[in-house]
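# Chains, contacts and geometry: an overview
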Amino acid sequence: MRVNLTVNGRAEAVDDVWEGESLLYVLRERVGLPGSKNACEQGECGSCTVYLDGVPVCACLVAAGQAEGREVRTVEGLAEGDRLDPLQEAFLECGAVQCGFCTPGLLVQAHDLLARVPEPGDAEIREALAGNLCRCTGYEKILDAVRLAAARKAGRR
Amino acid sequence: MDFLRPTTWAEALAARADRPDAVPLQGGTDVMVEINFDVRRPGALLDLTSIPELATWERAADGRLRVGAGLPYARVVAELGDALPGLAQASRTVGSPQIRNRGTVGGNLGAASPAGDAHPPLLAGDAVVEAESAARGTRLIPAAEFYLGVKRNALAPDELIRAFRMAPATGPQYFSKVGTRNAMVIAVCSFALALHPAERRVGTGVGSAAPTPRRARAAEEFLAAELDWTGGAALDARVRSRFGELAAEAASPIDDVRGTAAYRRHAVAVMARRTLGWAWNDYRKQVEACA
Ligand SMILES: Cc1cc2nc3c(=O)[nH]c(=O)nc-3n(C[C@H](O)[C@H](O)[C@H](O)COP(=O)(O)OP(=O)(O)OC[C@H]3O[C@@H](n4cnc5c(N)ncnc54)[C@H](O)[C@@H]3O)c2cc1C
Ligand code: FES
Ligand code: FES
């Protein structure tokens, strides 16, 4: 089947989509955006997190056809041209990225948190990121990065 | 496989009747896992996410809430925390934020897992499931009659869940769940309690401790008779512990990877006592405030 959707502001018409296919597969294999990662395909790891109509979801659990006519924003859509989002910069500076597999999902999920709660407390950060697994960093540097990005956005640093 | 995408409820009911091989799809947090892992290859997916009214709720003429089957947990938490506190608490424990943004109470009912977190508060709050078919129209199924077996519910093959109906809370409601982490856990077991002061009734729901979610009726009746509804007198330790015992007796748990039957029985009793402590504490404050 054909699926029409908007990805990072661009209209896409994707053909030959299998009816049981996930949005994650469409993004990675058909639209050519491999930023969102496939690590579990069962909603457990969060590495495939994307915005669907502005709401963060696991792309592996969205059927491709459910994205028809909707707007998707992936990690590739967070930067403005060459300018990284402050959250992306904070991840780099804080050493919140090791193998990087979890990073795209964490970025989208944390991006949503900061949009909703500009200055989150630690408990709020932990709760917001509870569905994103990282096997490398031990999470502390990820928390540092989110705190730094929040502080910068609030003009405190 | 076909992908059916009705945009009106009437079309959805017609498609459900025409295509017995179709699997309804809402948040996909159960269905897509099965498809991704090749556990299920239905003839069609019947996507319900383009039917706007499923993702809304309203106050019906009789004062009850009518909550669309497609309302995601995140919105239950954000919008119905005051009216349906037990369900909102349970919703807050489901999966992760991403899962709560997508997963729905209707999907929980459709899957009818004994461990589904929405079920205990629906039972405790006397929720009624609104099922509908093109051929026979609307059928109202009390939650207590909805769960028939492990992952089996009372829906006929041509029916879809339109909504559930539940009265807004008139007394304290609590939900408690045992798991290995505070997020992303299927309940080892769970318990919901609702006090209904106007009728001097108690509602309960026991989760993940029997083939289906179920009420602990003997515990409800015992407690309703023992509570000092008028004066709000402090709870007797004997009442609290007997309530826990009766709640545990309603369970018929199994040993599995998540816990043993003996542990589950013990935990149900503990959760019943705890939720009662919280609820009665709140209730006494209400009584004092009115005095
Ligand atoms: C990582 C992860 C964590 C989870 N954690 C929890 C948890 O903590 N607690 C919990 O209870 N669940 C949990 N779940 C399971 C799942 O999220 C819930 O059961 C959720 O309520 C399903 O809703 P959905 O809208 O995604 O359903 P779907 O997957 O879309 O559908 C589920 C079932 O309901 C049927 N169905 C859907 N809508 C209708 C309708 N309107 N009429 C008739 N049938 C319908 C479908 O055919 C299917 O059988 C988890 C799942 C994942 C992937
Ligand atoms: S790949 Fe989607 S949550 Fe893991
Ligand atoms: S950096 Fe490797 S999984 Fe997080």
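It should be emphasised that the depicted structure is a prediction, and the values quoted were computed from it without experimental measurement. (Residues numbered from 1 in each chain as written. Chains lettered and ligands numbered in written order. Predicted model: local features only at pLDDT ≥ 70, side-chain atom pairs only at ≥ 80, totals over all residues. Heavy atoms only, no water.)

### Some words on the overall build of chain A
For clarity, the cut-off: Helix and strand assignments follow DSSP, with helices taken as H or I runs no shorter than four residues and strands as E runs no shorter than two, numbered in order from the N terminus. Both definitions apply: the radius of gyration is a C-alpha atom measure, and the globule rule equals 2.2 Å times residues to the power 0.38. Here the term buried applies to any residue with accessible area under 20% of the maximum for its type, exposed to any over 50%, and partly exposed to those in between, with areas from a 1.4 Å probe on protein chains only. For this analysis, residues touch if any pair of their heavy atoms sits within 4.5 Å. Using a 1.4 Å probe, accessible areas were evaluated by the Shrake-Rupley method; residue-level cover was limited to the displayed protein chains. By the counting rule applied here, Lys and Arg register as positive and Asp and Glu as negative, while His and the ends of each chain are not counted. Just so you know, the charge point we use is NZ for Lys, CZ for Arg, CG for Asp and CD for Glu.
Assigned secondary structure in chain A consists of five helices and five strands. Element order for chain A, N to C, with α for helix and β for strand: β-β-α-β-β-β-α-α-α-α. In terms of overall dimensions, chain A is globule-like: its C-alpha atoms have a radius of gyration of 15 Å, near the 15 Å expected for 157 residues. Taken across its 157 residues, chain A has 54% of its residues classed as buried. Considering only intrachain contacts with a sequence separation of at least 6, the fraction spanning at least 24 residues in chain A is 55%. When the accessible surface of chain A is summed, it comes to about 6,900 Å², and 46% of that surface belongs to carbon and sulfur atoms. Positive and negative side-chain charges in chain A, numbering 17 and 24 respectively, have mean positions lying 5 Å apart.

### A word on unusual backbone geometry
Glycine aside, the phi torsion of most residues is negative, and most peptide linkages are trans. The backbone phi angle of Glu41 of chain A is positive, close to 55°, even though this residue is not glycine. Note on placement: Glu41 of chain A falls in the loop between α1 (23-30) and β3 (49-52). Even without being glycine, Met184 of chain B reaches a positive phi, approximately 55°. Summarising the element assignment, Met184 of chain B is placed in the loop between β11 (173-178) and β12 (189-196). In this structure Met184 of chain B comes out as buried when scored by relative accessible area, which is 17%.

### Quick notes on the pairing of strand β3 (residues 44-47) of chain B
All names here are of chain B. Quick reminder of the rule: Here, any two strands with at least 2 DSSP bridges between them count as paired.
Covered by surrounding structure in β3 are Ala44 and Leu46 together with Leu45 and Asp47, the residues of both alternating faces. Note that strand β1 (residues 2-4) and β3 share three bridges and pair parallel. Counterpart to Phe3 in the pairing with β3 is Leu45. Relative to β3, strand β2 (residues 22-25) is paired through four bridges, and the arrangement is parallel. Across the sheet, the residue bridging to Leu25 is Asp47, located in β3.

### Here we look at the sheet that holds β12 of chain B
Residues and elements named next belong to chain B. The criterion, for reference: Inter-axis angles, ranging from 0 to 180 degrees, are taken between N-to-C directions of lines fitted to C-alpha atoms, where helices are fitted over the stretch in contact.
Read from one edge of the open sheet, three strands run β11-β12-β13, paired in antiparallel fashion. Looking along the sheet, the strands with just one partner apiece sit at the ends: β11 and β13 (201-207). In this sheet, adjacent strand axes meet at a mean angle of 10° when their direction is disregarded. Here β11 pairs with β12 via six bridges, running antiparallel. Considered in β12, the bridge of Tyr174 is made with Leu193. The strands touched by helix α11 (residues 261-290) within the sheet are β11, β12 and β13, with β12 carrying the most contacts at an inclination of about 30°.

### Description of the site of ligand 1
This is how the line gets drawn: Each residue is tested against the molecule or strand, and it is near if at least one of its non-hydrogen atoms lies within 4 Å. The definition of a polar contact used here is a pair of N or O atoms within 3.5 Å, where within protein one atom must be able to donate a hydrogen and the other to accept one, and adjacent residues in sequence count solely through side-chain atom pairs. Put simply, Ala, Val, Leu, Ile, Met, Phe, Trp, Tyr, Cys and Pro go in the nonpolar bin, Asp, Glu, Lys and Arg in the charged bin, and everything else, Gly too, in the polar bin.
In the vicinity of ligand 1 lie 35 residues, with Pro24, Thr29, Asp30, Tyr73 and Thr104 of chain B positioned nearest. More than one chain lines the surroundings of ligand 1; the residues nearby belong to chains A and B. One of the backbone nitrogen or oxygen atoms of Gln26 of chain B is found 2.6 Å away from an oxygen atom of ligand 1. Between an oxygen atom of ligand 1 and a main-chain N or O atom of Ala111 of chain B, the distance comes to 3.5 Å. Taking 980 Å² as the accessible area of ligand 1 by itself, protein coverage stands at 93%. Residue assignment for the shell around ligand 1 shows that the elements contributing at least two residues are β2, α6 (105-111) and β10 (160-166) of chain B. In the shell around ligand 1, the residues fall into 16 nonpolar, 14 polar and five charged.

### Focus: the sheet that holds strand β5 (residues 71-73) of chain A
Residue and element names in this part refer to chain A. Across the sheet, which stays open at both edges, the five strands sit in the order β2-β1-β5-β3-β4 with mixed pairing between neighbours. Strands at the two margins of the open sheet, each flanked by one partner only, are β2 (10-14) and β4 (55-58). Within the sheet, the average angular offset between the axes of one strand and its neighbour, ignoring direction, is 40°. Running over the sheet, α1 touches β1 (3-7), β2, β3 and β5 and is turned about 105° from β3. Those strands touched by helix α3 (residues 103-116) are β3, β4 and β5, and its axis lies near 45° from that of β3.

### Topic: the UniProt feature "domain: FAD-binding PCMH-type" (unreviewed entry) in chain B
As a reminder, the rule being used: UniProt positions are given in the numbering used here, feature names are shortened, and annotations may be inferred rather than shown by experiment.
As recorded in UniProt, the sites labelled "domain: FAD-binding PCMH-type" (unreviewed entry) are residues 1-171 of chain B. Annotated as residues 1-171 of chain B, this span is 32% helix and 25% strand, and its ends, taken at the C-alpha atoms, are 48 Å apart.

### Some points on the packing of aromatic side chains
Residues and elements named next belong to chain B. Test applied: Any pair of Phe, Tyr and Trp rings, taking the six-membered ring for Trp, is counted once the centres come within 6.5 Å. Such a pair is stacked with planes under 30 degrees apart, edge-to-face with planes over 60 apart, and tilted for the rest.
One pass over the structure, following the stated rule, counts six aromatic pairs over all chains. Considering the side-chain rings of Phe146 and Tyr147, the 5.6 Å spacing of their centres and the 85° angle between planes classify their relative orientation as edge-to-face. Taking the relative accessible area as the measure of exposure, Phe146 reaches 0% and is therefore buried. With a centroid separation of 6.2 Å and 80° between ring planes, the pair formed by Trp229 and Trp280 is classed as edge-to-face.

### Things to note about the interface of chain A and chain B
Note the threshold: Using a 1.4 Å probe, buried area is obtained as the accessible area two parts lose upon being combined, added over both of them. The term salt bridge refers to a pairing of a side-chain nitrogen on Lys or Arg with a carboxyl oxygen on Asp or Glu at a separation within 4 Å.
Counting from both sides, the interface comprises 33 residues of chain A and, opposite them, 30 residues of chain B. Counting the surface lost from both chain A and chain B, the interface buries some 2,400 Å², and carbon and sulfur atoms represent 54% of this. On the chain A side of the interface with chain B, the three residues burying the most area are Glu19, Leu61 and Gln66 of chain A, jointly 25% of the side's total. Here chain A and chain B share two salt bridges between them. When the shortest N-O distance is used, the salt bridge between Arg92 of chain B and Glu127 of chain A registers 2.9 Å. Viewed at the interface, chain B and chain A are joined by 14 residue pairs in polar contact (both at pLDDT 80 or more). Considering each element in turn, the side of chain A that touches chain B owes the most residues, four residues, to β4 of chain A. Split into classes, the residues belonging to the side of chain A that touches chain B amount to 15 nonpolar, eleven polar and seven charged.

### Topic: empty space enclosed by the protein
Residue and element names in this part refer to chain B. We apply this condition: Only protein atoms enter the 1 Å grid used here. Points where a 1.4 Å probe fits but cannot escape make up a cavity, open sets with protein on both sides within 12 Å along at least five of seven lines make up a pocket, and a residue lines them when an atom lies within 4 Å of a point. Grid points are joined across faces, edges and corners, and a volume is the space filled by probe spheres set on the points.
Following the criterion strictly, the structure yields one cavity of 30 Å³ or more and no others. Considering only enclosed or pocket space, the largest cavity measures out at about 40 Å³ in volume. Every residue along the wall of the largest cavity is listed here: Gly86, Pro121, Ala124, Gly125, Met166, Gln173, Tyr174, Ala192, Leu193 and Ala194. If you list the elements that add at least two residues to the lining of the largest cavity, you get α7 (119-124), β11 and β12. Residue contributions to the lining of the largest cavity peak at three residues, all from β12.

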